[in-house]
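# Close look at the chain arrangement
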Amino acid sequence: MSSTEMLARRRQWLLVLAALGFLLWQLCTLVLALARKAVPVPALLVASLAGFLVFIAALGGVFVWAKKARGHAALEDEMTRHNRLAAFVAGFWGMLIAATALFAAGQFIAFPGAEAARAVMMAGVVVPLLRFALLEGKG
Amino acid sequence: MSADGRRLGNRLKQHRARLGLTQGQLADAVSVSRRTVNSVENAVFIPSTELALRMAEALGVPVEELFFLGPREGGCQAAGAP
């Protein structure tokens with residue numbers, strides 16, 4: 001495997017880690033905010049902290065990766081740009097679907113505005129990261 | 001696939017094999033990833049005009065020899081076509 005391919009593979013895994021860490025962090029925070037009385041708070045706090053640390057570590061990894069990736073034009077070729085665009089489009093649809101689902105659910109249960117915004121933001125961050133990683137994994 | 005139902009085909013693999021190049025070597029020659037060459041070769045990704053020209057140049061053939069429009073899906077001709 002060439003160094004460019006190794007760097008591409010590393011980027012893919014860093015993005016998956018960042019997405020999963022962010023999802024765990026935000027999901028635990030969301031559950032804590034919505035159902036504090038019905039859930040084991042310490043376990044959720046630990047899971048939330050773990051998700052946050054994974055997210056931060058993955059972001060740090062991306063920073064280090066970006067330094068190593070300088071000079072590798074193939075890592076930013078037209079297919080990568082195409083995949084990034086497709087990932088942003090997927091993120092748009094993810095946010096739209098999340099907002100629609102929350103709007104529909106809001107007819108039956110009350111959601112605080114901040115938590116609804118958090119759920120839409122989760123979709124907007126996690127969906128493009130995972131979609132990009134998935135597209136980059138093909139071929 | 002194009003608007004008139006024709007698929008973009010290519011002879012990348014044949015010309016690459018003719019020169020004894022691997023996907024990775026062709027990728028290096030045109031500054032893209034091996035994955036991109038593989039996706040173009042398998043008609044999964046349609047390259048830009050610039051990349052098509054760079055690939056044709058690297059393989060030493062005219063671009064229309066490398067890329068072509070296949071027949072229409074279902075094989076019917078449009079009305080008025082020769």
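Residues numbered from 1 in each chain as written. Chains lettered and ligands numbered in written order. Predicted model: local features only at pLDDT ≥ 70, side-chain atom pairs only at ≥ 80, totals over all residues. Heavy atoms only, no water.

As a further point, take the interface of chain B and chain A. With twelve residues of chain B in contact, the opposing surface of chain A contributes 13 residues. Buried area between chain B and chain A, both sides added, is near 1,000 Å², and the carbon and sulfur share of it is 49%. Considering only the surface of chain B that becomes buried against chain A, B:R34, B:R35 and B:F45 emerge as the three largest contributors, covering 56% of it. At the surface where chain B touches chain A, the tally comes to two salt bridges. Here B:R35 makes a salt bridge to A:E136, at a shortest N to O gap of 3.1 Å. Counting across the chain B and chain A interface gives five residue pairs in polar contact (both at pLDDT 80 or more). The biggest single contributor to the side of chain B that touches chain A is helix α3 (residues 34-41) of chain B, with five residues. For the side of chain B that touches chain A, the residue count by class is four nonpolar, six polar and two charged. (Contact = heavy atoms within 4.5 Å. Buried area = accessible area lost by both parts, 1.4 Å probe. Salt bridge = Lys/Arg side-chain N within 4 Å of Asp/Glu carboxyl O. Polar contact = N/O pair within 3.5 Å; in protein donor to acceptor, adjacent residues only side chain to side chain. Helix = DSSP H or I, 4+ residues; strand = E, 2+ residues; numbered from the N terminus. Nonpolar A, V, L, I, M, F, W, Y, C, P; charged D, E, K, R; others polar.)

Let's shift gears to the confidence of the model for chain B. All names here are of chain B. Averaged over every residue, the pLDDT of chain B is 86; residues scoring 70 or more account for 84%. Per-residue pLDDT, averaged within each element of chain B, yields its smallest value for strand β2 (residues 67-72) (86) and its largest for helix α4 (residues 49-59) (96). In this model, residues 76-82 is a region of pLDDT below 50 whose contacts with residues beyond four sequence positions or in other chains number three contacts. (pLDDT = per-residue confidence, 0-100.)

This part covers helix α3 (residues 78-105) of chain A. Helix length check: α3(A) (28 residues) gives 40 Å between terminal C-alpha atoms against 40 Å at 1.5 Å per residue, within 8%. Taken residue by residue, α3(A) has A:E78, A:M79, A:T80, A:N83, A:A87, A:A90, A:G91, A:G94, A:A98 and A:L102 as its buried positions. Looking at the packing, one finds that the buried side of α3(A) touches α1 (3-34) and α4 (113-137) of chain A together with α3 and α4 of chain B. (Expected span 1.5 Å × (residues − 1). Buried < 20%, exposed > 50% of the residue type's maximum accessible area, 1.4 Å probe, protein only.)

This paragraph deals with the nonpolar core. Generally speaking, a soluble globular protein has its nonpolar side chains buried in company with each other. In this structure, B:L12, B:M55 and B:L66 are the most contacted members of the largest nonpolar core, which totals 17 residues. Elements supplying a minimum of two residues to this core: α2 (23-30), α3 and α4 of chain B. Considering every element that reaches this core, the biggest residue donor is α4(B), with five residues. Apart from residues no more than four positions distant in its own chain, B:L12 is found in contact with B:L26, B:V37, B:V40, B:E41, B:M55, B:L59 and B:L66. Residues A:F22, A:L30, A:F55 and A:L129 belong to the second largest nonpolar core, which totals twelve residues. (Core = buried A, V, L, I, M, F, W, Y, C linked by side-chain atoms within 4.5 Å.)

The next thing to look at is the packing of aromatic side chains. Residue and element names in this part refer to chain A. A full pass over the atoms with the stated rule returns five aromatic pairs over all chains. Taken together, a centroid distance of 5.1 Å and an interplanar angle of 55° make the contact between F22 and F55 tilted. Of the two residues, F22 is situated in helix α1 and F55 in helix α2 (residues 41-68); the sequence distance between them amounts to 33 residues. Like F22, the residue F55 is buried in the burial classification. Centroid distance W25 to F55: 5.8 Å. Interplanar angle 35°. Geometry classified as tilted. You can see W25 sitting in helix α1 and its partner F55 sitting in helix α2, a full 30 residues away along the chain. Note on F55: relative accessible area 13%, which makes it buried. Here a set of aromatic residues connected by ring pairs shows up, and it is made of F22, W25, F52 and F55. (Phe/Tyr/Trp six-rings, centres within 6.5 Å; stacked < 30°, edge-to-face > 60°.)

All names here are of chain B. Summarising the element assignment, K13 is placed in helix α1 (residues 12-18). Given a relative accessible area of 52%, K13 falls into the exposed group. When the C-alpha positions of K13 and V40 are compared, they lie 9.9 Å apart, and in sequence the two are 27 residues distant.

The next subject is the pattern of salt bridges. Under the definition given, this model contains seven salt bridges over all chains. A network of salt bridges, in which partner residues are shared, links A:R11, A:E136 and B:R35.

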